[in-house]
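Letter by letter, the chains look like this.
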Amino acid sequence: MMKSLRKYDTLLFFLFIMPWIIGFTIFFLIPFGTSVFYAFTDAKLPGAVNYHFVGFDNFIHMIDDPIFLKSLLNTMYFVVFGVPIVTAGMLVLAMLLNFNVKGIALFRTFYYLPTLVPIVATVIIWRLVFNAEFGILNAGLGLLGFDKIDWIGGEHTIKPVIILLQVWISGSGVLIFLAALKNVPRHLYEAAEIDGAAGVRKFLSITLPMISPSILFVIIIQTMYNFQMFTEALLLSKGGPNYAAYTFVYNIYKSAFTDLKFSMAMSQSIFLFALISLVTFVLMKISNRFVYYEGER
Amino acid sequence: MNGGQKSSITATVSKYALLLAALVLFVGPLVWMLSTMMKTKAETYKVPPTIFPEHMNFEAFERLFAVQPMMWQWIQNSFAISFFVALGAVVSSSIVAYGFSRFATKYRDKLFPIVLLTLMIPPSIMMIPSYVLFAKLGWIDTWLPLIVPAWLGGAYYIFLFRQFFLTIPQELDEATYLDGGNRWTVYARVIMPLSKPIIITTIIFAFVNSWLDFLGPFLYIKNNELFTLSVGLQLLIGQTSQDFPALAAGAFISIIPIGLLYFFAQRYIVEGVVLTGSKG
């Protein structure tokens, strides 16, 4: 009796989670499985019937494409320089919003606003602000005696411009840091003050260790995001000038939809997945030494 | 004593100075957009540029709708898609989350980590495989790739709902069983009515995320009658790249719905971000 009831309940459990099982199978397992399969073939189009198994050829010939290495280096730039800059920017902004002054809620509202701007609108706005001839930024810099800079059209400026754009829309990370800062127990600061610790010292010895789990979380999310940088580069400058903003995912997109080499695009996707997994794993490993979890001895 | 007061005033002033400096960085570009969209086309070519429009006007909007008569259609499309996504997210994720929070079976503890694991999969590696799948299903050039996945339980929202359901006391479930209720009555009549805050958070969050989505509609929809506003605007960048006021007007229109939602329901958006730690 009891046993059959439990069986019935298990059946009900599967009925309730059925939407997820179907979604997970159709939109994750099957595409992922086929992509691994196609990565070892020479299929040109989705649903191609005529294809051959080519083993690891796609992975070996990935490097033949001169853009491949360039796009990998560009992506590494966004990871190696972009992630620390954006994360530090978020932390500084969260600390500003943690000031105990009147009207702080209004500042928080406005700091977060750009994060809710659709990316296409963001790009339009940035093209207006950074326009070499008529933009407000160059006009302002001109007053300070600077020459006009072609920000978006410049091979050396486009990547920093994209990183700055990321800071502009970094509101979600700022909110996560702000929540973490508010959770640091006040008595720790009070104790430190009694011991005569000042600003920087308090930040290094109390704030940083106490919010280190959030820092790790934001760094991992941002690292994954920057490895996948694409939309910003596509919309802002079509990956140019001279492929300076041509990212790895941009290259995947081009392999599939311009060169019509779907199997190559899938091999590249798997390569990226392996790279992201590896870096995330390493980050988690080295973080054990720096991240402080409350309640841990 | 006096000195202490003075230094606290200096501290407050410098705090506001820093806050205002950062405010300029965040709001400045938006103000520039507002100013540009109200200028005449000629005024936007002035060097040095004017910060406030000399002859404030809204002709940019007329030009925008004249160049791109599809604008209204795109706005409606974006609303329709975001609406169905939000509805699907609430219905499917809450049902799945009920399963994951109220059934004591060994399968639950095996499957729930997989739900969380899918959150860690970089979406862009799924870009090409998903495209291939949708092409095979004949879903390219339809809204189905954008809407159907939302009706099949999104991991973020399942997580959100489950966290909330776990705070609702089990005693309420048992009381309902004693009254002759079953699993479904508990879900529909007890749990859901008590979950209004998380339902609202999910509706808003899913609506906003769908409205902000660019890559999905960009990859799967080629027929411009079915475009979302974002994809349509992207087309516009190419068409009228030198008509700055019209471009600014287009950007402005795409911000309005979310902007309004934000000012009226900020609490829920902030909550959603902090709870899921997702990128908005």
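Residues numbered from 1 in each chain as written. Chains lettered and ligands numbered in written order. Predicted model: local features only at pLDDT ≥ 70, side-chain atom pairs only at ≥ 80, totals over all residues. Heavy atoms only, no water.

**Some details on the overall build of chain A**
Note the cut-off: By the criteria applied, helices consist of DSSP H or I runs no shorter than four residues and strands consist of E runs no shorter than two, each listed in order from the N terminus. Every radius of gyration here is taken over C-alpha atoms, with the globule rule written as 2.2 Å times N^0.38, N being the number of residues. Burial status follows relative accessibility: with a 1.4 Å probe on protein chains alone, a residue under 20% of its type maximum counts as buried, one over 50% as exposed, and anything between as partly exposed. Any pair of residues with heavy atoms lying within 4.5 Å of one another is described as a contacting pair. In short, Shrake-Rupley with a 1.4 Å probe defines the accessible areas, and a residue's cover is counted only from the protein chains shown.
A count of helical and extended segments in chain A gives 14 helices and zero strands. Starting at the N terminus and ending at the C terminus, chain A contains elements arranged as α-α-α-α-α-α-α-α-α-α-α-α-α-α. Computed over C-alpha atoms, the radius of gyration of chain A comes to 24 Å, more than 25% over the 19 Å expected from 2.2 N^0.38 for 297 residues, which places it beyond the range of a compact globule. For chain A, the spread of C-alpha atoms along the principal axes amounts to about 75 × 75 × 35 Å. Within chain A, buried positions represent 51% of all 297 residues. Nonlocal contacts in chain A, meaning residues at least 24 apart in sequence, comprise 67% of its contacts between residues at least 6 apart. Here chain A has roughly 14,500 Å² of accessible surface; of this, 68% comes from carbon and sulfur atoms.

**A word on the packing of helix α3 (residues 71–102) of chain B against helix α4 (residues 106–119) of chain B**
Residue and element names in this part refer to chain B. For clarity, the threshold we go by: Under this scheme, a helix contributes an axis fitted over its contacting stretch, all axes are lines through C-alpha atoms, and angles between N-to-C directions fall in the 0 to 180 degree range. Orientation is classified from the angle alone, with under 35 degrees giving roughly parallel, over 145 giving roughly antiparallel, 65 to 115 giving roughly perpendicular, and any other angle giving oblique. Left-handed describes a crossing whose near helix is turned anticlockwise from the far helix by less than a right angle; the clockwise case is right-handed.
Two elements in contact, α3 and α4, have axes whose closest approach is 9 Å; the angle formed by their N-to-C orientations is 135°. The angle between the axes of α3 and α4 places the two elements in the oblique class. The handedness of the crossing between α3 and α4 is left-handed. Where α3 approaches α4, its residues G99, F100 and S101 are matched on the opposing element by R108, L111, F112 and V115.

**Some words on the UniProt feature "transmembrane region" (unreviewed entry) in chain A**
Residue and element names in this part refer to chain A. Rule in force here: UniProt positions are given in the numbering used here, feature names are shortened, and annotations may be inferred rather than shown by experiment.
UniProt tags residues 12–40, 76–97, 109–129, 161–181, 202–225 and 265–284 as "transmembrane region" (unreviewed entry). As a span, residues 12–40 carries 90% helix and 0% strand, and end to end its C-alpha atoms are 40 Å apart. Annotation note: span residues 76–97, helix share 100%, strand share 0%, distance between end C-alpha atoms 31 Å.

**Structural notes on the pattern of salt bridges**
This is how the line gets drawn: Salt bridges are identified by distance alone: a Lys or Arg side-chain nitrogen within 4 Å of an Asp or Glu carboxyl oxygen.
Across all of its chains, the model carries nine salt bridges over all chains by this definition. The salt bridge involving R186 of chain A is made with E190 of chain A; its shortest N-O contact spans 3.8 Å. Here R186 of chain A and its partner E190 of chain A are both found in helix α10 (residues 186–194), four residues apart, which amounts to about one turn of the helix. Judged by its relative accessible area of 54%, R186 of chain A is exposed. A relative accessible area of 38% means that E190 of chain A is categorised as partly exposed. Between D173 of chain B and R102 of chain B there is a salt bridge, and its shortest N-O distance comes to 2.6 Å. One end of the pair, D173 of chain B, is in helix α8 (residues 170–178); the other, R102 of chain B, is in helix α3, with 71 residues separating them in the sequence. Residue classification places D173 of chain B among the buried residues on the basis of a relative accessible area of 2%.

**Let's talk about helix α5 (residues 127–137) of chain B**
A large share of α5 of chain B lies buried, amounting to eight of its eleven residues. Where α5 of chain B is buried, its residues contact α2 (18–38), α13 (248–257) and α14 (262–287) of chain A together with α6 (144–147) and α11 (215–220) of chain B. Of the residues trailing α5 of chain B, G138 of chain B is marked for its positive phi of about 75°.

**Some points on the interface of chain A and chain B**
It is common to give the size of an interface as the accessible area that goes away when the parts come together. Put simply, the rule reads: Put simply, buried area is how much 1.4 Å-probe accessible surface two parts lose in total, over both of them, once they are put together.
Listed as interface residues are 87 residues of chain A and, on the opposing side, 93 residues of chain B. Taken together, both faces of the contact between chain A and chain B bury some 8,100 Å²; the carbon and sulfur share is 83%. On the chain A side of the contact with chain B, F16, W20 and F134 of chain A bury the most area, a combined 11% of that side's loss. Linking chain A to chain B there are one salt bridge.

**Focus: the nonpolar core**
Condition: Within this scheme, the nonpolar core is defined by two criteria: the residues are buried Ala, Val, Leu, Ile, Met, Phe, Trp, Tyr or Cys, and they are joined through side-chain atoms within 4.5 Å. Segment limits for the domains were obtained from an automatic or database-derived domain assignment.
In this structure, Y111, I125 and L236 of chain A together with L19, F100 and I128 of chain B are the most contacted members of the largest nonpolar core, which totals 188 residues. Each of two domains, domain 1 (9–56) and domain 2 (62–277) of chain B, supplies a minimum of three residues to this core.

**Brief notes about the layout of surface pockets**
Residue and element names in this part refer to chain A. Worth spelling out the cut-off: Cavities and pockets are defined on a 1 Å grid built over the protein atoms alone: a cavity is a set of grid points where a 1.4 Å probe fits but cannot escape, while a pocket is an open set with protein on both sides within 12 Å along at least five of seven lines, and lining residues are those with an atom within 4 Å of any such point. Grid points are joined across faces, edges and corners, and a volume is the space filled by probe spheres set on the points. Three categories are distinguished: nonpolar for Ala, Val, Leu, Ile, Met, Phe, Trp, Tyr, Cys and Pro, charged for Asp, Glu, Lys and Arg, and polar for the others, with Gly belonging to the last.
Here the second largest pocket is characterised by a volume of approximately 680 Å³. Lining of the second largest pocket is provided by 15 residues; of these, M95, N98, F99, R186 and Y189 occupy positions nearest its centre. Sorting the residues of the lining of the second largest pocket by element identifies α9 (171–182), α10 and α11 (199–227) as the ones contributing at least two each. Considering each element in turn, the lining of the second largest pocket owes the most residues, four residues, to α11. For the lining of the second largest pocket, the class distribution of residues is six nonpolar, four polar and five charged.

**Regarding the packing of aromatic side chains**
Worth spelling out the cut-off: Any two of the Phe, Tyr and Trp rings considered here, Trp counted by its six-membered ring, make a pair once their centres fall within 6.5 Å; the pair's planes then place it as stacked at under 30 degrees, edge-to-face at over 60, or tilted in between. Criterion for a charge above a ring: Arg CZ or Lys NZ at most 6 Å from the ring centre, at most 35 degrees from the ring normal.
Per the counting criterion, the structure on display carries 64 aromatic pairs over all chains. For the ring pair F13 of chain A and F103 of chain B, a centre distance of 5.9 Å and an interplane angle of 55° mean the geometry is tilted. A residue pair is termed interchain when its members come from two chains, as with F13 of chain A in helix α1 (residues 2–16) and F103 of chain B in the loop between α3 and α4. The class of F13 of chain A is buried, set by a relative accessible area of 0%. Ring geometry for F100 of chain B versus F112 of chain B: centroids 5.2 Å apart, planes at 55°, classification tilted. With F100 of chain B in helix α3 and F112 of chain B in helix α4, the pair connects residues that are twelve residues apart, well separated along the chain. You'll find F100 of chain B and F112 of chain B in the same group, each marked buried. Positioned above the aromatic ring of Y77 of chain A, the side-chain terminus of K159 of chain A is 5.2 Å from the ring centre. Looking at R162 of chain B, its charged tip hangs above the ring of F112 of chain B, at a distance of 4.1 Å from the centre.

**Some remarks on the UniProt feature "transmembrane region" (unreviewed entry) in chain B**
Residue and element names in this part refer to chain B. The feature "transmembrane region" (unreviewed entry), as annotated in UniProt, sits at residues 16–35, 79–100, 112–134, 140–160 and 244–265 in this numbering. Secondary structure within residues 16–35 divides into 100% helix and 0% strand; the distance between the first and last C-alpha atoms comes to 25 Å. Structurally, residues 244–265 comprises 100% helix and 0% strand, and the distance from its first C-alpha atom to its last is 31 Å.

**Details of the UniProt feature "domain: ABC transmembrane type-1" (unreviewed entry) in chain A**
In this numbering, the UniProt entry assigns the feature "domain: ABC transmembrane type-1" (unreviewed entry) to residues 72–283 of chain A. Structurally, residues 72–283 of chain A is divided into 73% helix and 0% strand, and its ends, taken at the C-alpha atoms, are 19 Å apart.

**Re the domain arrangement of chain B**
All names here are of chain B. Taken domain by domain, chain B consists of domain 1 (9–56) and domain 2 (62–277). When each unit is reduced to the centre of its C-alpha atoms, the spacing between domain 1 and domain 2 is 33 Å. Overall, the association of domain 1 and domain 2 removes approximately 760 Å² of surface from exposure, summing both partners, and the carbon and sulfur fraction of that is 80%. Ranking the residues of domain 1 by area buried against domain 2 places M33, M37 and K41 at the top, with a combined share of 59%.

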